[in-house]
Amino acid sequence: MATIFSPSALFTSSSTTTTSTKPPQTPLSTKTHLPIPPSNSKPPLTTTLSTTLTATVLATTILTTSPPSLADSLQNTAYQLYYGTAASAANYGGYGGNSSKKDSAEYIYEVPDGWKERLVSKVEKGTNGTDSEFYNPKKRSEKEYLTFLSGFRQLAPKDAVLNNLALSDVDLQDLIASADSVTSEEKKDEKGQVYYVYEINGVGAHGLISVTCANNKLYAHFVNAPTPDWNRDKDMLMHVHESFKTVGSF
């Protein structure tokens, strides 16, 4: 089990990252409807002036007010920094409470406020290497999690790495099998550490994976979401995807 601390800086890369295009915004109407007095009566001058002034202020407010953009929504999203220890199944549960999670952390990533941690069982940790997982309580299939495997000093070719990850992850197998496209690229952080980045665009879901080797281990960070949630939360999900890094690489 690991502990959540205060927010940290984002993952940076020397490679070009994909930027999302803001969806078109619907133009705001500047047409203001003024009250029409009865045809058989003439309103007092003060009433006419007051009505005209009110309408002018309203029109000015409409013209100068714009709806929040995706960038504004991203800036308003709060995150917490998660420290993961990648402890073996034999050491699951910590070291008698004497070890600081931050001091013993091997990797970090950011978690959106409001997301919940799913407790990983000792059996699950021992079979497929899952070390941590968080999910959106409003949509449990929108989640991020990390797996690790020991005994890896460097990354194999990109295709081989993805295929090996899928061997122990049924959800990943299904996502790849139904994918419209699978892209991969190699990135390096500011200290030269290599990361493989995969994006899987499926019919009903979208996946982002970041893989690297450090500490004689292979770490894989996953971000998955159904297509409607991906379309809605793309900037946020890209943010948590890019926040993953191993300790010592920042």
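Residues numbered from 1 in each chain as written. Predicted model: local features only at pLDDT ≥ 70, side-chain atom pairs only at ≥ 80, totals over all residues. Heavy atoms only, no water.

## Remarks on the pairing of strand β10 (residues 217-226)
Stage number 1. Most of β10 sits inside the fold, with 10 of its 10 residues counted as buried.
Stage number 2. Going residue by residue along β10, you find K217, Y219, H221, V223 and A225 tucked away on one face and L218, A220, F222, N224 and P226 tucked away on the opposite face as well.
Stage number 3. Bridge count between strand β6 (residues 139-150) and β10: eight bridges; the pairing is antiparallel. Its bridge partner lying in β10, L146 is registered against H221.
Stage number 4. Here strand β9 (residues 205-214) runs beside β10; their pairing, made up of 10 bridges, is antiparallel. Looking at β10, one finds that H206 is bridged to A225.
Stage number 5. Counting the residues between successive antiparallel strands, the hairpin from β9 to β10 contains two residues, one of them, N215, with a positive phi of roughly 55 degrees. (Buried < 20%, exposed > 50% of the residue type's maximum accessible area, 1.4 Å probe, protein only. Helix = DSSP H or I, 4+ residues; strand = E, 2+ residues; numbered from the N terminus. Pairing = 2+ DSSP bridges.)

## Digging into the environment of Q173
Stage number 1. With respect to the helices, strands and loops of the structure, Q173 is situated in helix α6 (residues 170-177).
Stage number 2. For Q173, a relative accessible area of 35% puts it in the partly exposed group.
Stage number 3. Considering only alpha carbons, one finds Q173 and L162, 11 residues apart in sequence, at a separation of 9.8 Å.
Stage number 4. Residue contacts for Q173: discarding those within four places in its chain leaves A166 and L167. (Contact = heavy atoms within 4.5 Å.)

## Focus: the sheet that holds strand β5 (residues 130-136)
Stage number 1. The strand order across the open sheet formed by seven strands is β4-β5-β6-β10-β9-β8-β7, and the pairing between neighbours is antiparallel. Each edge of the open sheet carries a strand with a single partner, namely β4 (116-117) and β7 (179-188).
Stage number 2. On top of the sheet, helix α7 (residues 227-242) reaches β5, β6, β8 (194-202), β9 and β10; it is set at about 150 degrees to β10, its chief contact. (Axes fitted to C-alpha atoms, helices over the stretch in contact; angles between N-to-C directions.)

## Focus: the side chain of E110
Stage number 1. With respect to the helices and strands, E110 occurs in strand β3 (residues 107-112).
Stage number 2. One buried charged residue, E110, forms no salt bridge at all, with the nearest opposite charge on K245 at 7.6 Å. (Lys, Arg positive; Asp, Glu negative; His and termini not counted. Salt bridge = Lys/Arg side-chain N within 4 Å of Asp/Glu carboxyl O.)

## Some remarks on the environment of E133
Stage number 1. Note that E133 resides in strand β5.
Stage number 2. Look at E133 and you get buried, because its relative accessible area is 8%.
Stage number 3. Along the sequence, E133 and E144 sit 11 residues apart, while their C-alpha atoms lie 5.8 Å from each other.
Stage number 4. The contact partners of E133, leaving out residues within four places of it in the chain, are Y109, K116, E117, R118, V120, K143, E144 and Y145.
Stage number 5. A polar side-chain atom of E133 sits 2.9 Å from a polar atom in the side chain of R118. (Polar contact = N/O pair within 3.5 Å; in protein donor to acceptor, adjacent residues only side chain to side chain.)

Any link to function would need more than the numbers given here.
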